[in-house]
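Examining the three-dimensional arrangement
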Protein chains: 2
Amino acid sequence: MARKSAADFPLRLDNQICFAVYSTAHAFNRVYKPLLDKLGLTYPQYLVMLVLWERDDVPVKEIGERLLLDSGTLTPLLKRLEAAELIKRTRSTEDERQVLIALTAKGEALREKARAVPQSILAASACSVGELVAMKNEIVALRNRLNAVLGE
Amino acid sequence: MARKSAADFPLRLDNQICFAVYSTAHAFNRVYKPLLDKLGLTYPQYLVMLVLWERDDVPVKEIGERLLLDSGTLTPLLKRLEAAELIKRTRSTEDERQVLIALTAKGEALREKARAVPQSILAASACSVGELVAMKNEIVALRNRLNAVLGE
DNA sequence: CACAATTAGATTGCGCGCAATATAAATTAT
DNA sequence: ATAATTTATATTGCGCGCAATCTAATTGTG
C-alpha cells in the first residue's frame, strides 16, 4: 500500500497551492514595502508606474487590462498618484469617455530612483535569475489557465 | 553578441515574478469566489476555517502564525465568523490574554460542504496534482527565503 | 434620425492587510 | 514584592480589490 500523499488530504492548508501563492504575494509585499516607501509608492501604485514607464499617455482601460484591475480600484489609486504629482489625468478629446494618464516630469524622474528596486528584490529572493524566470513562466501559465476558466 | 534576455529589462512588468505571483493570487481569488459564496465565506475566512478544521480550540496567535496574519486582520475577521455562528471566541482561563477559537456545530458541519472545493480548484488549474505539488513547493521555498530576509 | 445597446470611467460599500497605537495580563528583573 | 518588560489581543486609519450601481459618451440598428 502506497504512502499517503498530499493529494489524500485536499483540505490541509499546507497542501494548497493557492495558499502558497497568497502568502508569497504577501511576503513580496513586505519585502517591497521599505523599498517603495523611499519612492513614496504603494505596491499597486508601483505597478501602475511600471506600466507608464513602458508607455505613456494611455487610457485607464489599458492600465486595467495590463494589471487585471478595474476602475473601482484604479480611479482612486490614480487620483492619489495625481495628488502626488506623478501623473496627469486628462479627458481624451477624441473619445470623451476615456481618461488618458500621462507622466509628469516628477513621475518620469522617479524612474531613475526605481531602477534600484528590482535588484534588491532579486537579492531578497536568493536565487538565480534563471530559476526566477522559469518559476515566473510556470506561475503565469497557471494564472492564464485560471483566468481562462473565468472567461467561460 | 548574445540576444537580450529578460534580465536586461528589470523594470518591465512582464519580467517581474512578483507581478506573476500578485496577479495569480487575484486569479485564484476570482476562481474561489463563486465556490466560497456557496459556503458564505470569503477566501481569508476559508483559510481560517481550514486551520480550525485541522485543529480546534486554538488561540488567535496560532492562527496568525499559520496564515501569516496579525490581529489587526484576524480580530474583525473572527468577529464576522462568530456573527455567522461558525466559531466561538472565549478568553482562556489559564492565560487571560489569549482568546481561544473553537468551531460551533455549524462550523464543523460546513467542512463537509467544503470538501468539494479543492477538486474544483484542481480542475480550474488544469494541470496534474504532481505538477501543482512541485510548483507549490518551489513557491513556498521562495516565500520562506523572502520571509527570512525580513526577519534579519 | 431616433433609440437601444455598449463602453469608459466614477462612486459606494464591504472585507481584507497592515502599520501604529492602546490595554490588560503575564513574565522577568531588581 | 514592586517595577520594568514582554506578550496577546483590540482599535483606528488608510489603501487596495471587487461587486454593484450610476452617468455620460459612443456605437449599432431599424
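Scroll up to find the structure this text is about.
First, a word on what this report is: a plain description of the structure on this page. Computed from a predicted structure; not experimentally measured.

Analysis parameters
Counting starts from 1 at the beginning of each chain's written sequence and moves along it residue by residue. Chain letters and ligand numbers both follow the written order, the letters beginning at A and the numbers at 1. Only residues with pLDDT of at least 70 get local features here, since the model is predicted, and only at 80 or more are side-chain atom pairs given and counted; chain-wide, interface and lining totals rely on the full set of residues. Calculated side-chain values reflect all of the structure's heavy atoms, with hydrogen atoms and water omitted. By definition, any uninterrupted DSSP run of H or I lasting at least four residues is a helix, any uninterrupted run of E lasting at least two residues is a strand, and each is numbered from the N terminus. Radius of gyration here is computed from C-alpha atoms only, and the compact-globule reference equals 2.2 Å multiplied by the residue count raised to the power 0.38. Between buried and exposed lies partly exposed: a residue is buried under 20% and exposed over 50% of the maximum accessible area for its type, with that area taken using a 1.4 Å probe on protein chains only. Note on contacts: a residue pair is in contact if any heavy atoms of the two residues lie within 4.5 Å. Computed with the Shrake-Rupley method and a 1.4 Å probe, the accessible areas treat only the protein chains shown as cover for residues. Just so you know, the count uses Lys and Arg for positive and Asp and Glu for negative, and it drops His and the chain ends. The location of each charge is read from NZ of Lys, CZ of Arg, CG of Asp or CD of Glu. Residues reaching a pLDDT of at least 70 in both copies supply the C-alpha atoms on which the copies are superposed by least squares. The term buried area means the drop in 1.4 Å probe accessible area that two parts suffer when joined, counted for both and summed. Basic side-chain nitrogens of Lys or Arg form a salt bridge, by our definition, when they fall within 4 Å of a carboxyl oxygen of Asp or Glu. Under the rule applied, a polar contact is a pair of N or O atoms within 3.5 Å (in protein, one hydrogen donor and one hydrogen acceptor; residues adjacent in sequence only if both atoms are side-chain atoms). The nearness test applies per residue and asks whether one of its heavy atoms lies within 4 Å of the molecule or strand. Every patch collects residues that have over 30% relative accessible area and no salt bridge, joining them within 9 Å if they carry like charges and within 5 Å if they are nonpolar side chains (Val, Leu, Ile, Met, Phe, Trp, Tyr).

Another aspect to go through is the overall build of chain A. Along its length, chain A carries seven helices and three strands. Listing each helix as α and each strand as β along chain A from the N terminus yields α-α-β-α-α-β-β-α-α-α. Compactness check: chain A gives a C-alpha radius of gyration of 19 Å against a globular reference of 15 Å for 152 residues, more than 25% above the reference. Expressed as lengths along the three principal axes of its C-alpha atoms, the size of chain A is roughly 70 × 40 × 25 Å. Here chain A holds 152 residues, and 43% of them are scored as buried. Sequence-distant contacts, at least 24 apart, represent 48% of the contacts inside chain A between residues at least 6 apart. Carbon and sulfur atoms provide 54% of the accessible area of chain A, an area that totals close to 8000 Å². For chain A, the centre of its 22 positive side-chain charges and the centre of its 19 negative side-chain charges are spaced 6 Å apart.

The next thing to look at is the relation of the copies chain B and chain A. Mapping chain B onto chain A leaves a residual RMSD of 0.0 Å; the transformation is a rotation of 180 degrees accompanied by 0.0 Å of translation along its axis. Both copies of the chain, as the preceding transformation shows, are related through a two-fold rotation axis. Considering only C-alpha atoms, the part of chain B nearest the rotation axis is Val21(B), at 3.1 Å. A high fraction, 100%, of the interface residues of chain B reappear at the interface in chain A, so the copies pair face to face through one surface.

Moving on: the interface of chain B and chain A. Between chain B and chain A, the contact holds 57 residues from the first and 57 residues from the second. Among the residues chain B hides against chain A, the three largest losses belong to Leu11(B), Tyr22(B) and Leu146(B). Together they make up 12% of the total. Taken together, chain B and chain A are joined by zero salt bridges. Inspection of the region where chain B meets chain A yields ten residue pairs in polar contact (both at pLDDT 80 or more). For the side of chain B that touches chain A, the elements supplying multiple residues, two or more each, are helix 1 (17–39), helix 2 (43–54), helix 3 (60–67), helix 5 (105–114), helix 6 (116–125) and helix 7 (129–150) of chain B. Per element, the largest residue contribution to the side of chain B that touches chain A is 15 residues, and it comes from helix 7 of chain B.

Residues in close proximity to DNA strand D total 29 residues, the closest being Tyr22(B), Lys61(B), Thr75(B), Lys79(B) and Arg89(B). Within 4 Å of the protein, the contacting atoms of DNA strand D are drawn from sugar and phosphate to the extent of 78%. In the environment of DNA strand D, a phosphate oxygen lies 2.6 Å from a nitrogen or oxygen atom belonging to the side chain of Tyr22(B). Val99(B) has a polar backbone atom sitting 2.8 Å from a phosphate oxygen of DNA strand D. For the surface near DNA strand D, the secondary-structure elements that each account for two or more residues are helix 2 (43–54) and helix 4 (71–83) of chain A together with helix 1, helix 3, helix 4 (71–83) and strand 2 (87–91) of chain B.

What follows concerns a negative patch on the surface. A grouping of Glu131(A), Glu138(A), Glu131(B) and Glu138(B) is seen on the molecular surface, where their side chains present a negatively charged patch. Elements with a minimum of two residues in the negative patch: helix 7 (129–150) of chain A together with helix 7 of chain B. For Glu138(A), the location among the structural elements is in helix 7. On the basis of relative accessible area, Glu138(A) is assigned to the partly exposed category, the value being 30%.

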